[in-house]
Amino acid sequence: MREYIDVTGKTEEEAVSKALEKLGMDRDDVSVEILERAKSGFLGLGSSPAKVRISYGPEETPAAQQPHAAPAREHSPEAKPEKKPVKKAERPAAPAAVETLAPARTKEEKAFVPADNGEEVDDEKAQAIKTFLTGLLEQMECSAEIRVYLPEKGRYKVILEGRSLGALIGRRGETLDAIQQLTSYCVNRSGGGRVRVQLDAENYREKREQSLQHLARKVAGKVVKYRRSVTLEPMNAYERHVIHTALQEVPGVTTYSTGTEPNRRVIVSYDREKR
């Protein structure tokens, strides 16, 4: 019998992860229905959680919908049992294009390992970044430790560390992207040369990238097996780039994007020529 539970989370991904952890199941063992999408509001203010319904257990198919269902016959003591021909095993039907929800970490996926960012920097740009973010976080009534690194010349990596920073991340990182853009604008308008600012909180971007790479490999395996295209969920430009990069050298598949923002999606397609 098919059962379900309703779970809430700051994002759809978090709600799904909580449900899978509670049930002790993998993403492939359940069906996901989004009941309410998360709302990030403006810079995390006025946000509301996401609500999803996770269905699990065997699916029941009504007799009227079963293929070749024979009508019920009255019992007759003289009727001989009808012999049914033995059917040969059939190959599973190829799945149609699937819209895949952002993946939760499964048993096959390795534990997250944060990148080594090296030593912190405290130059003029780093101080400007900290000053702006400190004031913004106070206005948002959020507490976080600000760490600034310089992994390469002209690119500052900013890590926000603390507890319960979901409001700073927002749905699919939308609030984090907005704060990053504001920080970049503020720092670069003061002169002294233009730099890139990359903002992360609770290692959200690194975890998301690893999760997308795992999803890409998993989908590629299905595309090659069934020789059918799979359409992924809408993603931003950065996330689409992660998928394209992860599969560019994989035999048997090719990727391309379709649609318009914010609903632009990646399609993973079977490519016989790359076999």
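Before going into details, it helps to say that this report is about the structure given with it. Because the structure is predicted, anything quoted here is derived from the model rather than measured.

Attention now goes to the overall build of the chain. Across its full length, the chain holds six helices and nine strands. A buried classification covers 35% of the 275 residues belonging to the chain. Considering only intrachain contacts with a sequence separation of at least 6, the fraction spanning at least 24 residues in the chain is 65%. Element-wise, carbon and sulfur atoms account for 49% of the exposed surface of the chain, whose accessible area totals about 18100 Å².

Moving on, we get to the pairing of strand S8 (residues 253–258). In this sheet, strand S9 (residues 265–270) lies alongside S8 in antiparallel orientation, the contact comprising six bridges. Among the inter-strand pairings, Val253 is bridged to a residue of S9, identified as Tyr270. Hairpin connection, S8 to S9: the antiparallel pair is bridged by six residues, and Gly259 has positive phi, about 95°.

Turning next to the packing of helix H2 (residues 124–139) against helix H4 (residues 174–188). Remark: H2 packs on H4, axes separated minimally by 10 Å, with the N-to-C direction vectors making an angle of 130°. When the interaxial angle is binned, H2 and H4 end up oblique. Between H2 and H4 lies a crossing of right-handed hand. Between H2, through Lys125, Ala128, Ile129, Phe132, Leu133 and Leu136, and H4, the contact on the second element is made entirely by Ile179, Leu182, Thr183, Cys186, Val187 and Asn188. When its residues are assigned to classes, the contact of H2 with H4 shows nine nonpolar, two polar and one charged.

This part takes up the sheet that holds strand S2 (residues 31–36). With antiparallel pairing, three strands are arranged side by side in an open sheet as S1-S3-S2. Bordering the open sheet on either side are strand S1 (3–9) and S2, each of which pairs with just one other strand. Adjacent strand axes in the sheet meet at a mean angle of 25° when their direction is disregarded. Judged from the seven bridges that link them, S1 and strand S3 (residues 50–56) form a sheet pairing that is antiparallel. Residue pairing across strands places Ile5 opposite Ile54, the latter belonging to S3.

With that settled, the discussion passes to the sheet that holds S8. Within the open sheet, the three strands sit side by side as S7-S9-S8. Their pairing is antiparallel. Where the open sheet ends on each side, the last strands, each with one partner, are strand S7 (230–234) and S8. Averaged over all adjacent pairs, the angle separating strand axes in this sheet is 20°, with direction ignored. In this sheet, S9 lies alongside S7 in antiparallel orientation, the contact comprising three bridges. Bridging across to S9, Thr231 finds its partner in Ile267. Sitting on the sheet, helix H6 (residues 237–247) touches S7, S8 and S9, and the angle it makes with S8 is about 165°.

Let's shift gears to the nonpolar core. Grouped together as the largest cluster of nonpolar side chains are 23 residues, with contacts concentrated most on Ile129, Leu133, Val148, Val158 and Leu160. The biggest single contributor to this core is H2, with five residues. Filtering out sequence-adjacent residues up to four positions away, Val158 remains in contact with Ile129, Leu133, Ile146, Arg147, Val148, Val197, Gln198, Leu199 and Asp200. With 16 residues, the next largest nonpolar core counts Leu212, Val219, Val253 and Tyr270 among its residues.

This brings us to unusual backbone geometry. For the peptide bond that leads from Glu261 to Pro262, omega is 5°, which places it in the cis range. Residue position: Pro262 is located in the loop between S8 and S9. Unusually for a residue other than glycine, Arg227 sits at a positive phi of about 55°.

This part covers the packing of helix H5 (residues 204–226) against H6. At a closest axis distance of 9 Å, the pairing of H5 and H6 adopts a crossing angle of 45°. What the angle tells us is that H5 and H6 run oblique. Along this stretch, H5 crosses H6, giving a crossing that reads as right-handed. Every residue of H6 that contacts H5 at Tyr204, Arg208, Glu209, Leu212, Gln213, Ala216, Arg217 and Ala220 is listed here: Tyr238, Glu239, Val242, Ile243, Ala246 and Leu247. Of the residues in the contact of H5 with H6, the class split is nine nonpolar, one polar and four charged.

Analysis parameters
Residues numbered from 1 in each chain as written. Predicted model: local features only at pLDDT ≥ 70, side-chain atom pairs only at ≥ 80, totals over all residues. Heavy atoms only, no water. Helix = DSSP H or I, 4+ residues; strand = E, 2+ residues; numbered from the N terminus. Buried < 20%, exposed > 50% of the residue type's maximum accessible area, 1.4 Å probe, protein only. Contact = heavy atoms within 4.5 Å. Areas by Shrake-Rupley, 256 points an atom, 1.4 Å probe, with all protein chains shown as cover. Pairing = 2+ DSSP bridges. Axes fitted to C-alpha atoms, helices over the stretch in contact; angles between N-to-C directions. Parallel < 35°, antiparallel > 145°, perpendicular 65-115°, else oblique. Left-handed = near helix turned anticlockwise from the far one by under 90°. Nonpolar A, V, L, I, M, F, W, Y, C, P; charged D, E, K, R; others polar. Core = buried A, V, L, I, M, F, W, Y, C linked by side-chain atoms within 4.5 Å.

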